[in-house]
Amino acid sequence: MSVVRIALSQFRPTKGEYADNVARIGAVVSQAAQLDPKPDLVVLPETATSGYFVEGGVKELAVTAGSLARDLAAAYSGPQIDIVVGFYERFQNHIHNSALYLTLGNRKPEVRHVHRKVFLPTYGVFDEERFVDRGQDGVRSFETSWGGKVAILICEDAWHSLAATVAALEGAQLIIVPSASPARGLGEDEDCDGLTLPASVVRWERIVRGIAEEHGVFVALANLVGFEGGKGFPGASAVIDPTGKIIARGPLFEEALLTADIDLDSLTTARSDSPLLADLHSALPVLTKSLSGDRQDQKVRFDPAANGSPTHHAPRTTHVDIVAKRTPESDPLVIDPELTRKWLVSFLKDEVVRRRGFPKGLVGLSGGVDSALTAFLAAEALGKDNVIGVRMPYRTSSPESLEHAQLVIDKLGIPSLTVDISDAADGLLKQVGDHDPHRLGNIMARERMIVLFDLSAKHKALPLGTSNKSERLLGYFTWHGDDAPPVNPLGDLFKTQIWALARHVGVPEEIVRKPATADLIKGQTDEGDLGVSYVNADHILYHLIRGEEPRGFTKEEVEIVRKRLDSTHWKRRLPTVAVLSQTAIGEFYLRPVDY
């Protein structure tokens, strides 16, 4: 068979629900098998049967390859078809991150290959090596039901060029890459065929395009979609031809079934025009000599000078122009607002409705840009009738704060409530006495959370957070007050990025441009409290949290920001618990919050 049709499923698993996911995978493959023409191969992403970030839950969710093959066969209805499914596997008393390749539609499912992930990322957001074992079988190519040879690399396997080289040398015509890599990066100024993508997706495409072009193979990259613990899987699955060209790409953050035809005969032309793989076959024995280490101490060999005379009497060039043009540095905090909007709307849909099962959201509207932006995003994600705006004034609150909160309510057309917290806060102060403005501000922040969580129970609506990254890093919030809502779309955006996104989604300009204030004390502003502007603070923070020394700012500004950052780590963590047992929560008993 020369032309092969493949289908990539951008699948959103229900986290921790093996049976439900297998049933849905069976339905997806059954649907694909009804297409005309029918795909020869359907590829699902890494850990499609469980979700990726399950931590200690892998012990419950891992199954044998035989069990998965049996369960998929029972869930599938249709003609013969090959599928690839990522899953957590039990194999010989070990747990692996694996991908199963099998043929369905016959009397019995035929397992053709199981690839066990070799490279386990354990850095940044990843902690695989703590929960699964490294595959010991390396990379192999194998025969398919449609006559081609395939190899599988799971996610980080593909980032190591040697793995793809082994696959190609083993005869693979198609390299399948199931992936569950969360999207990261809003500021990379690069687009792909006119589509702006997260920076991590752009880097992924560079990797797989390089694999295809260097080795003269097709590559099929299948990505998860959905959010797990705030980390969003982007989709944007892709099929790449042996010249490195992307011939199909899936949408961002949406489930989809992407189909593409690959012509295996075109491999001959590609490998003839760029015979890198043939060169590698020939040169491999030379390259591998150095792996033994026998020649590490051997001096380089070369022939002495012979024939002719020295060239120092030859005419010399009198002048050479030296050109050292630097690429202008871009602002690292610049975001693509449309990509960010789409990302956060998808986040709210997933985390509020799909993950936690709430049909509605609650937003405490302060009259400021952060809460206004949260309301705009929530209205798009949940529908305007499913977002309740709550104004919670204290008797000294600025009338402008109430007016601007009402402006958001009116512009979005969302239902609203006004709950005056004056009596509640004053009643507590009357009991404890000797209050000061700082304590009063903390009481007001926490009282507002009491209101939101009580309304949550009344209206079956989830409180949505409005704190931005600048506030969180500077500790400029009330612990268990304005940081309390369980879902926060803005917490990884600096204040200056908030302003850019707010303007993009249509937050009224009078709200965006007014000085930021917590409105706890008359005349108070955020920048006045902090002693540094948000523009400067954001850029200083950007460098500090990357371990870099900020430049271009006064020493006083840098020290103000550094001191606040270093002294407020405790506010960004849950309470410290004494560890006494071997099952301490969060240390030994590790289960994600979202299943």
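Computed from a predicted structure; not experimentally measured.

K.L.:
Give a detailed account of the packing of helix H1 (residues 18-33) against helix H3 (residues 65-75), specifying residues and quantitative values.
P.N.:
The contact between H1 and H3 brings their axes to 8 Å, and the two run at 55 degrees. As the angle between them shows, H1 and H3 are arranged oblique. H1 and H3 meet at a crossing whose hand is right-handed. Taking contact as the criterion, the partners of Tyr18, Val22, Ala23, Ile25, Gly26, Ala27 and Ser30 in H1 are, on H3, Ser67, Leu68, Asp71, Leu72 and Ala75. Within the contact of H1 with H3, the residues separate by chemical class into eight nonpolar, three polar and one charged.

K.L.:
Lay out empty space enclosed by the protein in plain terms, naming residues and giving numbers.
P.N.:
Empty space left among the atoms is revealed by rolling a probe the size of a water molecule over them. Applying the stated criterion to the full structure yields one cavity of 30 Å³ or more. Looking at the largest cavity, its volume works out to about 30 Å³. For the lining of the largest cavity, the residue count by class is one nonpolar, three polar and three charged.

K.L.:
Summarise the sheet that holds strand E4 (residues 94-104); cite the residues concerned and give the values.
P.N.:
Judged by pairing direction, the sheet is mixed, and its six strands sit side by side in the order E5-E4-E3-E2-E1-E16 without closing on themselves. Looking along the sheet, the strands with just one partner apiece sit at the ends: strand E5 (110-116) and strand E16 (256-263). Put simply, the sheet's adjacent strands are angled 30 degrees from each other on average, direction ignored. Strands strand E1 (3-10), strand E2 (41-43), strand E3 (81-91) and E16 of the sheet are contacted by H1, whose axis makes an angle of about 165 degrees with E3.

K.L.:
Hey, could you go over helix H18 (residues 534-544) for me, with residue numbers and the actual values?
P.N.:
By the criterion of burial, H18 is predominantly enclosed, with eight of the 11 residues buried. Listed as buried for H18 are Tyr534, Ala537, Asp538, His539, Ile540, Leu541, Tyr542 and Leu544. Buried residues along H18 sit against helix H14 (469-474), helix H15 (495-505), helix H17 (526-530) and helix H19 (555-567).

K.L.:
Tell me about the packing of aromatic side chains, and name the residues and values.
P.N.:
Under the definition given, this model contains 13 aromatic pairs. Centroid distance tyrosine 52 to phenylalanine 126: 6.2 Å. Interplanar angle 75 degrees. Geometry classified as edge-to-face. Linking tyrosine 52 in the loop between E2 and helix H2 (58-61) with phenylalanine 126 in the loop between E5 and helix H4 (128-131), this pair joins segments that are 74 residues apart in sequence. Both residues of the pair, tyrosine 52 and phenylalanine 126, count as buried. Look at tryptophan 499 and tyrosine 534: their rings are 6.3 Å apart centre to centre, the planes differ by 85 degrees, and that puts the pair in the edge-to-face class. Taken as a pair, tryptophan 499 in helix H15 and tyrosine 534 in helix H18 lie far apart in primary sequence, 35 residues in all.

K.L.:
With reference to specific residues and values, describe the side chain of serine 181.
P.N.:
Checked against the element boundaries, serine 181 lands in the loop between strand E8 (174-179) and strand E9 (191-192). A relative accessible area of 9% means that serine 181 is categorised as buried. Of the polar contacts made by the side chain of serine 181, one reaches the side chain of tryptophan 204; its length is 3.4 Å. With near-sequence residues (within four places) excluded, serine 181 lies in contact with Phe126, Cys155, Trp204, Phe233 and Pro234.

K.L.:
How would you summarise the pairing of strand E7 (residues 149-152) if you had to cite specific residues and measurements?
P.N.:
Residues in a regular strand project their side chains so that they alternate between the two faces of the sheet. In this structure, strand E6 (residues 141-143) lies alongside E7, joined through three bridges in antiparallel fashion. Within E7, the residue paired with phenylalanine 142 across the bridge is valine 150. Hairpin geometry of E6 and E7 is characterised by an intervening segment of five residues between the two adjacent antiparallel strands and by a positive phi of about 100 degrees at glycine 147. In the sheet, E7 pairs with E8 via three bridges, with the strands oriented parallel.

K.L.:
An account of the packing of helix H5 (residues 161-169) against helix H8 (residues 276-288) is needed here, citing residue identities and associated values.
P.N.:
Axis angle and axis distance: for two packed helices, these are the angle between their axes and the distance between the axes, and together they describe the pair. Close contact between H5 and H8 brings their axes to 11 Å; oriented N to C, the two are set at 95 degrees. It follows from the interaxial angle that H5 and H8 lie roughly perpendicular. On the side of H5, the interface is formed by Thr165, Ala168 and Leu169, while H8 contributes Leu277, Leu280, His281 and Leu284. Its residues assigned to classes, the contact of H5 with H8 shows five nonpolar, two polar and no charged.

K.L.:
Please set out the nonpolar core residue by residue, giving values where relevant.
P.N.:
The biggest cluster of nonpolar side chains holds 63 residues, and the ones touching the most others in it are Leu348, Leu365, Val408 and Val561. A per-element tally of this core places helix H10 (residues 369-382) first, with 10 residues. With residues near it in sequence (within four places) discarded, valine 561 still touches Leu474, Val532, Ala537, Ile540, Leu541 and Leu544. By size, the runner-up hydrophobic cluster in this structure holds 49 residues, among which are Leu8, Val43, Val217 and Ile240.

Cut-offs used in this document
Along every chain, residues carry numbers that run from 1 in the direction the sequence is written. In keeping with the model being predicted, local features are shown solely for residues with a pLDDT of at least 70 and side-chain atom pairs are shown and tallied solely at 80 or more, while totals for entire chains, interfaces and linings include all residues. Hydrogens and water molecules were not included; the side-chain quantities draw on all heavy atoms of the structure. Angular values range over 0 to 180 degrees, each being the angle between N-to-C directions of two axes fitted as lines to C-alpha atoms, with helices fitted over their stretch in contact. By the criteria applied, helices consist of DSSP H or I runs no shorter than four residues and strands consist of E runs no shorter than two, each listed in order from the N terminus. Angles are sorted into four bins: roughly parallel if under 35 degrees, roughly antiparallel if over 145, roughly perpendicular if 65 to 115, and oblique for all others. Crossings are sorted by hand: turned counterclockwise from the far helix by less than a right angle, the near helix makes the crossing left-handed, and turned clockwise it makes it right-handed. By definition, residues are in contact when any of their heavy atoms lie within 4.5 Å. In this classification, Asp, Glu, Lys and Arg are treated as charged, Ala, Val, Leu, Ile, Met, Phe, Trp, Tyr, Cys and Pro as nonpolar, and every other residue, Gly included, as polar. Points on a 1 Å grid, built from protein atoms alone, make a cavity when a 1.4 Å probe fits but cannot get out and make a pocket when they are open with protein on both sides within 12 Å along at least 5 of 7 lines; residues with an atom within 4 Å of a point are the lining residues. Grid points are joined across faces, edges and corners, and a volume is the space filled by probe spheres set on the points. Strand pairing requires that DSSP identify at least two bridges connecting the strands. The cut-offs for exposure are 20% and 50% of the maximum accessible area for each residue type, with area from a 1.4 Å probe on protein chains only; residues under the lower value are buried, those over the upper are exposed, and the others partly exposed. Under the pairing criterion, centres of Phe, Tyr and Trp rings, with the six-membered ring standing for Trp, must be within 6.5 Å; the plane angle then separates stacked pairs below 30 degrees from edge-to-face pairs above 60, leaving the rest tilted. Think of a polar contact as two N or O atoms within 3.5 Å of one another; within protein, one of them needs to be a possible hydrogen donor and the other a possible acceptor, and neighboring residues in sequence only count if both atoms come from side chains. Each nonpolar core is a collection of buried residues, namely Ala, Val, Leu, Ile, Met, Phe, Trp, Tyr and Cys, held together in the definition by side-chain atoms within 4.5 Å.

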